[in-house]
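Observations on the three-dimensional arrangement
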Amino acid sequence: MQPVLRAAGLESHRAEEYAVHDETVIVVDVAGEAQEMWRSARAGLTDHYPVLALPSFLITDPDFRHPIAPGELITRAEALDVTTYLTQRPGSQMPGARDRDPEILGTGDEGYDLTGYDVAEFGDPEVLVIVPRPEPWAAFAYLDAYASLLGTRSELMTAAARGWGERYGAVPTVIGLACGFTVSRPPTELADAERLAAEHVAVAGLTAGTSIRAYARALMELRHWTLYDRP
């Protein structure tokens with residue numbers, strides 16, 4: 001554990017190891033500025049990935065851990081066709097979905113508040129979790145987003161996060177009741193942004209705070225995302 005903490009620049013922080021099925025994660029208590037801890041760990045680690053968690057029980061309480069081992073969950077996520085899955089879900093607003101609703105889609109003129117998409121508004125992360133894989137999206141195989149018991153959406157979140165990383169350079173910074181991402185390549189085409197907005201809402205229904213098409217316009221400006229839903 002100590003070599004990993006030294007590489008992350010967090011050797012002075014209180015930390016503990018937890019078993020997640022047949023793998024071990026390092027859970028570091030947040031002391032000071034959580035995002036600075038994340039940046040330090042992100043810069044220093046090459047074969048692990050750090051992600052902040054709120055609340056901490058998502059990783060420390062066995063009742064909130066996935067019933068499926070991370071490796072198996074990742075294998076299942078790799079086989080999941082996210083676009084098809086989301087398009088076929090009841091109420092989906094994905095292009096080509098049967099249940100698209102003009103009121104939910106909107107015109108794009110409904111407006112949006114860029115300051116309203118900050119994961120920090122949901123509270124201060126309690127721990128930083130270092131998972132034993134370097135792929136950012138793999139963090140969702142260890143932590144259950146939105147505290148949805150029994151990992152009902154974990155396979156989907158792992159697969160979706162992988163696709164968002166490939167398409168937009170999105171990496172998770174916080175996993176919990178709200179999930180935060182940093183984004184290096186926001187969508188530049190409106191049609192692409194509208195598809196992404198529909199994906200976000202299909203995964204976490206309370207994310208947009210406005211119409212799908214207005215949220216799409218926000219996504220073209222944002223360098224960070226906050227996905228939110230209730231368990």
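Summarised in this report is the structure supplied together with it. (Residues numbered from 1 in each chain as written. Predicted model: local features only at pLDDT ≥ 70, side-chain atom pairs only at ≥ 80, totals over all residues. Heavy atoms only, no water.)

Quick look at the packing of helix α7 (residues 154-168) against helix α8 (residues 190-203) now. Remark: α7 packs on α8, axes separated minimally by 12 Å, with the N-to-C direction vectors making an angle of 160 degrees. Here α7 lies roughly antiparallel to α8, going by the angle between them. Here α7 runs over α8; the crossing is left-handed. Contact residues: α7 offers Leu156, Met157, Trp164, Arg167 and Tyr168, while α8 offers Asp192, Arg195, Leu196, Glu199, His200 and Val203. (Axes fitted to C-alpha atoms, helices over the stretch in contact; angles between N-to-C directions. Helix = DSSP H or I, 4+ residues; strand = E, 2+ residues; numbered from the N terminus. Parallel < 35°, antiparallel > 145°, perpendicular 65-115°, else oblique. Left-handed = near helix turned anticlockwise from the far one by under 90°. Contact = heavy atoms within 4.5 Å.)

What follows concerns the sheet that holds strand β4 (residues 127-131). Ordered in space as β1-β2-β4-β3-β5-β6-β7, the seven strands form an open sheet in which the pairing is mixed. Of all strands in the sheet, those bounded by a partner on one side alone are β1 (15-20) and β7 (224-228). Put simply, the sheet's adjacent strands are angled 30 degrees from each other on average, direction ignored. For β1 and strand β2 (residues 23-29), the ladder comprises six bridges, and the chain directions are antiparallel. Across the sheet, the residue bridging to alanine 19 is threonine 24, located in β2. (Pairing = 2+ DSSP bridges.)

By volume, the largest pocket is sized at about 380 Å³. In terms of lining residues, the largest pocket is bounded by 24 residues, among which Gln35, Val119, Ala120, Pro125 and Val174 are the most central. Broken down by secondary-structure element, the contributors of at least two residues to the lining of the largest pocket are α2 (34-44), β5 (170-176), β6 (178-183) and β7. Tallying contributions element by element places β6 first for the lining of the largest pocket, with four residues. Taken together, the residues of the lining of the largest pocket sort by class into 13 nonpolar, eight polar and three charged. Looking at the second largest pocket, its volume works out to about 230 Å³. Along the wall of the second largest pocket there are 15 residues; nearest its centre are Gly91, Gln93, Val201, Ala202 and Gly205. Its residues placed into classes, the lining of the second largest pocket shows seven nonpolar, seven polar and one charged. (1 Å grid on protein atoms, 1.4 Å probe; cavity = no way out; pocket = protein on both sides within 12 Å on 5 of 7 lines; lining within 4 Å. Points joined across faces, edges and corners; volume = space filled by probe spheres on them. Nonpolar A, V, L, I, M, F, W, Y, C, P; charged D, E, K, R; others polar.)

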